[in-house]
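This is what each chain is made of:
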Amino acid sequence: MMWKWLFLSAAAVSLVSICSANEGHCVWYGECEEHTPGKFYNCFYNGTAKPLVDKEARGILEQLCPHLAGDGTSPPLTCCDISQLKTLQDNLQVPQQALMRCPSCYQNLVKLYCESTCSPRMSDFITVKSTTPYIPPTQTPFHTQAVPHNLTSFIETGADFPVIELSDGTKVEEDMFGVGNETKYNVVECTYYVSFDFAWGLFNSCQSVQFPASNTRALGIMCGGSAEDCTSPNIWLGYMGNKDNGQTPFQINFVIDNEGPTNSSILPMNDRAYSCAESPDNITGICSCQDCPAVCGPRPKPPPPPKPWHLFGIDGMTIVMSFAYVGFAFLFCVVLSVTFLIRRCRTSPADSDDLCSFVGDDSINGDTVRQRIVTSADIGCLEKCGEALENFMFHVFRRWGLFCTRHPAAVFICGVVVIAACAAGLSMFQVTTDPVLLWSAPDSRSRVQKDYFDSHFGPFYRAEQLIITAPGSDWTNYDPYPSGDPIPFSPVLRKDMLHQILDLQSSIEQLEVWYEEENRTLKLEDICMKPLAPVNNNCTIMSPLNYFQNSHDMLDLRIGDFFYTYADYHTHLMYCAQAPASVNDTTQLHTSCLGTFGGPVFPWIALGGYEGENFTQAEALIITFVVDNSLNDTLVKRALAWEKAFVDFMKEYTDPADPVNSNLSISFSSQRSIEDELDRESATDVYTILVSYLIMFAYISIALGQFYNCSRLLIDSKISLGLCGVLIVLCATVCSIGVFSYAGIPATLIIIEVVPFLVLAVGVDNIFILVQAFQRDERRKNEELEDQIARVLGQVAPSLFLTSFSETVAFCLGGLSSMPAVRVFSLYAGLAVFFDFLLQITCFVSLLTIDAKRQENNRMDFCCCVKVAGKSEVPKSEGFLYAFVKHIYAPAVLKDWVRPFIVLLFAGAVAYSGAVVNKLDVGLDQKLSMPEDSYVLEYFSNISRYLKVGAPVYFVVEEGHDYTTKAGQNMVCGSSGCNRDSLVQQIGDAHLIADYSKIFAAPSSWMDDYFDWMNPLGNPPCCREYNNTERFCNASVDSDTCVGCRPPKDRGLRPVEDEFMKFLPMFLSDVPTTACAKGGKAAYKSAVDLKPHDVGATYFMTYHTNCNTSADYINALKYAQELAQNITDAMNVTDNSYKVFPYSYFYVFYEQYLTIYRDTATSLGWSALAVFLVSFFMLGFDLVSALIIILTIGMIVLDMMGIMYLWGISLNAVSLVNLVMAMGISVEFCSHVTRAFAVSTKTSRVERAKEALVHMGSSVFSGITLTKFGGIVVLAFAKSQIFQVFYFRMYLSIVLLGFSHGLIFLPVLLSYIGPSVNKAKLFSQQNDIPSQPVNNERTPLLNETRRQVGTNAPLGSSNGIYV
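Residues numbered from 1 in each chain as written. Predicted model: local features only at pLDDT ≥ 70, side-chain atom pairs only at ≥ 80, totals over all residues. Heavy atoms only, no water.

K.L.:
Just to check I follow, could you spell out the overall build of the chain for this structure?
P.N.:
Across its full length, the chain carries 44 helices and 33 strands. Taking the contacts inside the chain whose residues are at least 6 apart along the sequence as the reference set, 74% of them involve residues at least 24 apart. (Helix = DSSP H or I, 4+ residues; strand = E, 2+ residues; numbered from the N terminus. Contact = heavy atoms within 4.5 Å.)

K.L.:
Explain the pattern of salt bridges here, please?
P.N.:
Where side chains of opposite charge bring their charged atoms close, a pairing between them can arise. In the structure shown here, the tally under the stated rule is 28 salt bridges. Between Lys-644 and Asp-648 there is a salt bridge, and its shortest N-O distance comes to 3.4 Å. Of the two residues, Lys-644 and Asp-648 both sit in helix H19 (residues 633–653), 4 residues apart, roughly one turn of that helix. When its relative accessible area of 39% is taken as the criterion, Asp-648 is described as partly exposed. The salt bridge partner of Glu-783 is Arg-791, with a shortest N-O separation of 2.8 Å. What makes Glu-783 buried here is its relative accessible area of 14%. (Salt bridge = Lys/Arg side-chain N within 4 Å of Asp/Glu carboxyl O. Buried < 20%, exposed > 50% of the residue type's maximum accessible area, 1.4 Å probe, protein only.)

K.L.:
Mind showing me how you'd approach a negative patch on the surface here?
P.N.:
Side chains of Glu-959, Asp-962, Glu-1057, Asp-1058 and Asp-1094 sit close together on the surface and give a patch of like negative charge. With a relative accessible area of 45%, Glu-1057 lands in the partly exposed category. (Patch = residues over 30% accessible without salt bridge, like charges linked within 9 Å, V, L, I, M, F, W, Y side chains within 5 Å. Areas by Shrake-Rupley, 256 points an atom, 1.4 Å probe, with all protein chains shown as cover. Lys, Arg positive; Asp, Glu negative; His and termini not counted. Charge placed at Lys NZ, Arg CZ, Asp CG, Glu CD.)

K.L.:
Can you help me understand the confidence of the model for the chain in this one?
P.N.:
The predicted coordinates ought not to be read in detail in places where the model reports low pLDDT. Taken as a whole, the chain shows an average pLDDT of 81; of its residues, 86% reach a score of 70 or greater. Here helix H1 (residues 2–11) stands out as the element of the chain with the lowest mean pLDDT, 37, in contrast to strand S25 (residues 620–627), whose mean of 95 is the highest. Throughout residues 347–362 the model reports pLDDT below 50, and contacts reaching past four residues in sequence, or to other chains, amount to 38 contacts. In this model residues 1333–1363 is a low-confidence stretch, pLDDT under 50, and it forms 88 contacts with partners more than four residues away in sequence or in other chains. (pLDDT = per-residue confidence, 0-100.)

K.L.:
Any chance you could explain the sheet that holds strand S32 (residues 1095–1105) here in plain terms?
P.N.:
Two strands in a sheet stick together by hydrogen bonds in their backbones, pointing the same way (parallel) or opposite ways (antiparallel). Spatially, S31-S32-S28-S33 is the arrangement adopted by the 4 strands of the open sheet, whose pairing is antiparallel. Taken across any chain shown, the strands that pair with only one partner, and hence form the sheet edges, are strand S31 (1088–1090) and strand S33 (1140–1143). Ignoring which end each strand starts from, the neighbouring axes of this sheet average 20 degrees apart. With 7 bridges joining them, strand S28 (residues 949–957) and S32 adopt antiparallel strand pairing. Across the sheet, Val-953 pairs through a bridge with Thr-1102, a residue of S32. Relative to S32, helix H31 (residues 983–991) is tilted by about 10 degrees, and along the sheet it contacts S28, S32 and S33. (Pairing = 2+ DSSP bridges. Axes fitted to C-alpha atoms, helices over the stretch in contact; angles between N-to-C directions.)

K.L.:
How do you make sense of the pairing of strand S26 (residues 665–669) when you look at a structure like this?
P.N.:
As a general feature of sheets, a regular strand has side chains that alternate between the two faces. In terms of burial, S26 is a largely internal element, 4 of the 5 residues being buried. Pairing analysis gives 5 bridges linking strand S16 (residues 462–469) to S26, with the strands arranged antiparallel. Its bridge partner lying in S26, Thr-469 is registered against Ser-665.

K.L.:
Looking at this model, I keep getting lost on the packing of helix H5 (residues 103–118) against helix H6 (residues 196–206). Mind explaining?
P.N.:
Packed helices, taken two at a time, are described by the angle their axes make and the gap between the axes. Between H5 and H6, the shortest axis-to-axis distance is 8 Å and the interhelical angle comes to 145 degrees. When you trace H5 past H6, the crossing you get is left-handed. Along its contact with H5, which presents Ser-104, Cys-105, Asn-108, Leu-109, Lys-111 and Leu-112, the element H6 presents Phe-198, Gly-201, Leu-202, Ser-205 and Cys-206. Each residue belonging to the contact of H5 with H6 can be placed in one class, and the counts come to 6 nonpolar, 4 polar and 1 charged. (Left-handed = near helix turned anticlockwise from the far one by under 90°. Nonpolar A, V, L, I, M, F, W, Y, C, P; charged D, E, K, R; others polar.)

K.L.:
Hey, could you run me through the packing of aromatic side chains in this one?
P.N.:
For any pair of aromatic rings, the description consists of the separation of the ring centres together with the inter-plane angle of the planes. If you walk through the whole model with that rule in mind, you get 59 aromatic pairs. Ring geometry for Tyr-1113 versus Tyr-1150: centroids 4.8 Å apart, planes at 20 degrees, classification stacked. You can see Tyr-1113 sitting in helix H36 (residues 1110–1130) and its partner Tyr-1150 sitting in helix H37 (residues 1147–1150), a full 37 residues away along the chain. This pair shows no difference in class: Tyr-1113 is buried, exactly as Tyr-1150 is. Taking NZ or CZ as reference, Lys-50 lies 4.5 Å from the ring centre of Tyr-29, over its face. (Phe/Tyr/Trp six-rings, centres within 6.5 Å; stacked < 30°, edge-to-face > 60°. Lys NZ or Arg CZ within 6 Å of the ring centre and 35° of its normal.)

K.L.:
What am I meant to see in the state of the cysteines here?
P.N.:
Linking two cysteines covalently through their sulfur atoms gives a disulfide. Across all of its chains, the model carries 14 disulfides by this definition. Between the sulfur atoms of Cys-80 and its disulfide partner Cys-118 the distance amounts to 2.0 Å. Here the S-S torsion is close to 105 degrees, and the disulfide linking Cys-80 with Cys-118 is therefore right-handed. Taken together, the positions of Cys-80 in the loop between strand S4 (77–78) and helix H3 (82–91) and Cys-118 in helix H5 put the pair 38 residues apart, joining distant regions of the chain. (Disulfide = S-S within 2.5 Å.)

K.L.:
Would you mind showing me how to read helix H12 (residues 408–423) here?
P.N.:
In an α-helix there are 3.6 residues to a turn, and that puts residues three or four apart on one side. If you check H12, its first and last C-alpha atoms are 22 Å apart, about what 16 residues at 1.5 Å a residue would give, namely 22 Å. Among the residues of H12, those classed as buried are Pro-408, Val-411, Gly-415, Ile-419 and Cys-422. Mapping the buried residues of H12 onto a view down its axis gives an arc of 75 degrees, with all of them on the same face. Across H12 from its buried face, at more than 90 degrees, point the exposed residues Ile-413 and Val-417. Considering only its buried residues, H12 is in contact with helix H11 (381–406), helix H23 (719–742) and helix H26 (820–856). (Expected span 1.5 Å × (residues − 1). Arc of directions from axis to C-beta.)

K.L.:
What's the story with unusual backbone geometry in this structure? I'm lost.
P.N.:
If a residue is not glycine, its phi is most likely negative; likewise, a peptide bond is most likely trans. Note the cis peptide between Ala-533 and Pro-534, where omega equals 5 degrees. Its location among the elements puts Pro-534 in the loop between strand S20 (520–522) and strand S21 (541–542). Although it is not a glycine, Lys-998 adopts a positive phi angle of roughly 65 degrees. Residue position: Lys-998 is located in the loop between helix H32 (994–997) and helix H33 (1006–1013). When its relative accessible area of 14% is taken as the criterion, Lys-998 is described as buried.

K.L.:
Explain the side chain of Gln-107 here, please?
P.N.:
Relative to the assigned elements, Gln-107 resides in helix H5. By relative accessible area, Gln-107 is classed as buried at 16%.

K.L.:
Where do I start with a nonpolar patch on the surface in this structure?
P.N.:
Side chains of Phe-330, Val-334, Val-338 and Ile-342 sit close together on the surface and give an oily, nonpolar patch of about 360 Å² of accessible area. Relative accessible area serves as the criterion here: at 35%, Val-334 is assigned to the partly exposed category.

K.L.:
Would you explain the environment of Cys-978 in this entry?
P.N.:
When you line up the elements, Cys-978 lands in the loop between helix H30 (966–970) and H31. Separated by 692 residues in sequence, Cys-978 and Ile-286 place their C-alpha atoms 9.4 Å apart. When near neighbours in sequence (up to four residues on either side) are disregarded, Cys-978 contacts Asn-970, Cys-973, Asp-1008 and Arg-1054.

K.L.:
Before we go on, may I ask you to explain the packing of helix H28 (residues 898–916) against helix H39 (residues 1183–1206) in this structure?
P.N.:
Two elements in contact, H28 and H39, have axes whose closest approach is 8 Å; the angle formed by their N-to-C orientations is 60 degrees. With respect to each other, H28 and H39 are oriented oblique. Remark: the crossing between H28 and H39 carries left-handed chirality. In contact with Phe-906, Ala-909, Val-910, Tyr-912, Ser-913, Gly-914 and Val-916 of H28, H39 contributes Met-1195, Leu-1198, Asp-1199, Gly-1202, Tyr-1205 and Leu-1206. Grouping the amino acids of the contact of H28 with H39 by side-chain chemistry returns 9 nonpolar, 3 polar and 1 charged. (Parallel < 35°, antiparallel > 145°, perpendicular 65-115°, else oblique.)

K.L.:
Got a minute to help me understand the nonpolar core in this structure?
P.N.:
Across soluble globular proteins, you tend to see nonpolar side chains buried next to one another. Of all hydrophobic cores here, the largest spans 368 residues; its most connected members are Leu-99, Leu-112, Trp-236, Leu-466 and Trp-1013. Sort the elements by how many residues they give to this core and helix H42 (residues 1281–1313) lands first, with 20 residues. Not counting residues within four places of it along the chain, the set of residues in contact with Trp-236 comprises Leu-99, Leu-109, Leu-202, Phe-203, Cys-206, Leu-219, Met-222, Cys-223 and Cys-230. (Core = buried A, V, L, I, M, F, W, Y, C linked by side-chain atoms within 4.5 Å.)

K.L.:
Where do I start with the environment of Cys-731 in this structure?
P.N.:
Relative to the helices and strands, Cys-731 is located in helix H23. Along the chain, Cys-731 and Pro-756 lie 25 residues apart, while their C-alpha atoms are 9.8 Å from each other. Leave out the neighbours within four places in its chain, and Cys-731 touches Ile-419 and Leu-839.

So, in structure tokens, the structure goes:
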């Protein structure tokens, strides 16, 4: 028998047993071998439960497993001792921190492990599969050589000990192995049978529980992978029972079934699992909606998108404008036809009233009719006032002209003094380049909220980012151990690539720059964000390489043998991407996923270009260096200095000429990149702008001259006068800038780029009108040159004053806009136009007098000291353009059969523009603001292509909320007991409809984590203090003097009143560790503005989804504001003492687009009202003329929007500035011609329109149209895309539309419905009463006109140019 005993002794080292007693008993008791630090095997024990006598053990049991603790009258019978209970308490530390916010989930999980640890009937549902002999530390190494063997069963006998049946059928008594004596056995593997109902009840109660600090679900930490992949209790319990997860001390094989194995007495554990909608006890509440969808009711659904307005299946606006156009065209043709037939059938023009005019002219076919004799009784009050105003302005400007022409030097010197005085203000000149100041009004909602956020929490951090891809490199496959399908890894996640990228990242970390202002070297560590400083001074770097703690050695770490790799960087990367907050991955590496800075690196921030949760297929690796921002200029300058060195380094690293790094494609950007590129853009395009202005200057200088023969070429040229005129225009711009510099109103780049263009357009137009009026005028008998120039000024200055004053008032009213860029532009432009007018009727008139005298004295241009021999008489000529308009263009446009087509054509254009004006894209594509060769363009493209998550968004609760009361807490928190419509709950609901809400994840909640942190059940609890000083004691400190802040009986109770305020500072200063992951220093140190005795403002952070277009950004802002308002309403803040608002860094830039249509209508509306009122007054209270001017200008602006739609130009602040400018320039195209028509006394509207077109149209065409056209074409070659789109395209459209409407449509419109002749003016002319001499034509032309009319009107009162 001796060999049997030896055989049994050798086989006993590996027991595998299945208990099959009629009544449940223990399968283990106590702890045996510590196989790894802190991990113990349970001791095999097949006896009955034992009384738990130890007081501390009973306390732990009552705390964790009250259903096993009995009624307290006698020691409970359990299968565990104090060592097992302490281990259970330790092992529940992580689940408690992750799941305690949902009490039923946590209690269900605790019950699962209570039953497996202490249940007196655990043999009913647990079988031991494998054991090894327990070798006490004092035994010899001989005992360590045992290898476990499998046994078949225990057999119940009448002996004192059960009999063990070996696999060969031999039976021995268990006591032969010393169970009843000194020898013990380690349980190394067991099977735990759990009922289907309990397992799924446990899983369903926990699957939605959130982990606020990382904006993820808690199962992502406890399931060994993504919460999305943890789809059943089999997966979850399978992970938690795996001995390789770093927490479980031995292998537990969970079997989920309602019945045990066949022919066994196993009864799966089937305790009640509380649903998340139930309270597990009488202390805690049900889980919150954020953690339990069953509490929420139906899943939130986004509202249906607004239905487009359709009529008959076609866009409603298109239908309306189409019907409007057809109706107008029909009515127009009917009226035209009826009127034409009436006029053709009547025997005499006097037989019927003229449908359009009191004076009897024919607006339909242009036939000249006999004028009606006007009597004083026919003249109305407004006509008398208009005539009086005309005469008054003529005499005022004539007298002023006399003064200027007779004292040109004095006037010019005074003008120079005024210019110098204004220009001195340039010493205080400031340019606003900060986009926040440029695009958001100081009192706008987003700007006020940004300032509030910055003042309470500090400004939004600065970010330097790399987006790295590896195009052209090969994909690799990872073969998981021991089996499984190959897992593809993208090229950028290959190990060699990661090493190369880590070298780059390390080089950037060590990048040094000499900072001259402080005479020292700066590195990233001097400016970066360090959330755990001073405990941890590592910089925050959001990079996948931080999964390996930025270490080459960690990246190369491998567990395996010669044949297989069990775990390496592949497994660690996959695990960390699923559970970035884990401190111990489930692979055999058992390394941390946390970055060196102490926080998690979320895969949606560090990886890009993947679908779903396939992180290994990410096409892009994203590295973000987070830099502290500050309101302190000194700290910002340090960051700017390092960022400049960073950009220079990356430009050199990504140089295509460097073949070393050619396998990587890297786009990058720093916080300063956009402003730097804007500055570079302005610098590179200054030459384009300069060429544009030089072309305009050259044209003006040449076009002002009249050349008759080569001998007088240098005499009749007006290059010097043209240049002086241009300089005067520029001086007007300088004066405007100087005055506002005195006033402390900073300029913008838009002003510098746009205002000179605008003022040059207005100024050049005025110059051409004034000079060409003088050139075409015939000097009267005995009239001196000074008198002639003064008379010409008296004739044209009212028209110049009309347009200039209209534009000035219009721009000033445009300054009422809330958009800073529009407001500042309007103010600068209005004052510049006004200065331009003043300088032109002073300095330019003086210079014109001097130049005219030079020309009459046959002195050369530029060399006035050189006199050329010959006749001094200055010849008069119509000029080519004047003759072309008079003899060809005007007659063609005003032909009877052409005019209706012109009206219908322009009406059609307006109808089309009206149909598409509401379809304009809103916003400004960031790419357009960059030069074509900017490195930032590739970065913008890659953001849209690869990034999975957008900007952080903070929901800020302003100071004033009471967090110390339970009611106040319920309004905000998201855990058990919180209001269904609390702040956290509503944001959590919003992320469920992310496509609509643009909210990417549930928010991080400092309050919920604070409640969990205060829970007294941990071992040790997170909240501890030294019992002798009451100072905070971190959970990682091992000291007997550290005691819990609260007794265990307070579990589930929130801190309120003084207790809330006492421990909150400790929470916010607690560094998260493995012992307490809920420490708030890393995640929340800046989230709470803590006051000495109160809580100030706080925020709750989440992320927006990635926004690729302006519409995405606008919708994200819009919904966030709606959500914040809903939260404020739910908090029932009735006294408006505080509110909840959202903040993200891009809000200040995109808020303007929420009201861009209203702002556009407001700005243009005020400007139009100003033009109308000024025109009505300055045209002698002529309502019809004022309405025609506004109608034409409105058509120009509306057609401008139509072209914006066709040309893909979005509506934003830049285009709005251009639209306001278009209205100003349109005044130049319309008002001159309209006034010339209004003061004309020709016999028909057609003739008056022709006269106005000939005299004023030719000057407008040669002035503003041709001048601007030449300068604008050059802008097409600018490197700046914003110049090409918003300046070249829009400026070209403004000029072409202004020309077409002002010189084609407007004369035709006037020929149909223009105002009647002013009867007061006609009465003066018919009765030879001295009136304003408005003639600009040469005397022969006047005599011809006088003969045509059949009057003997004196010179100067007949029909010439009427201005």
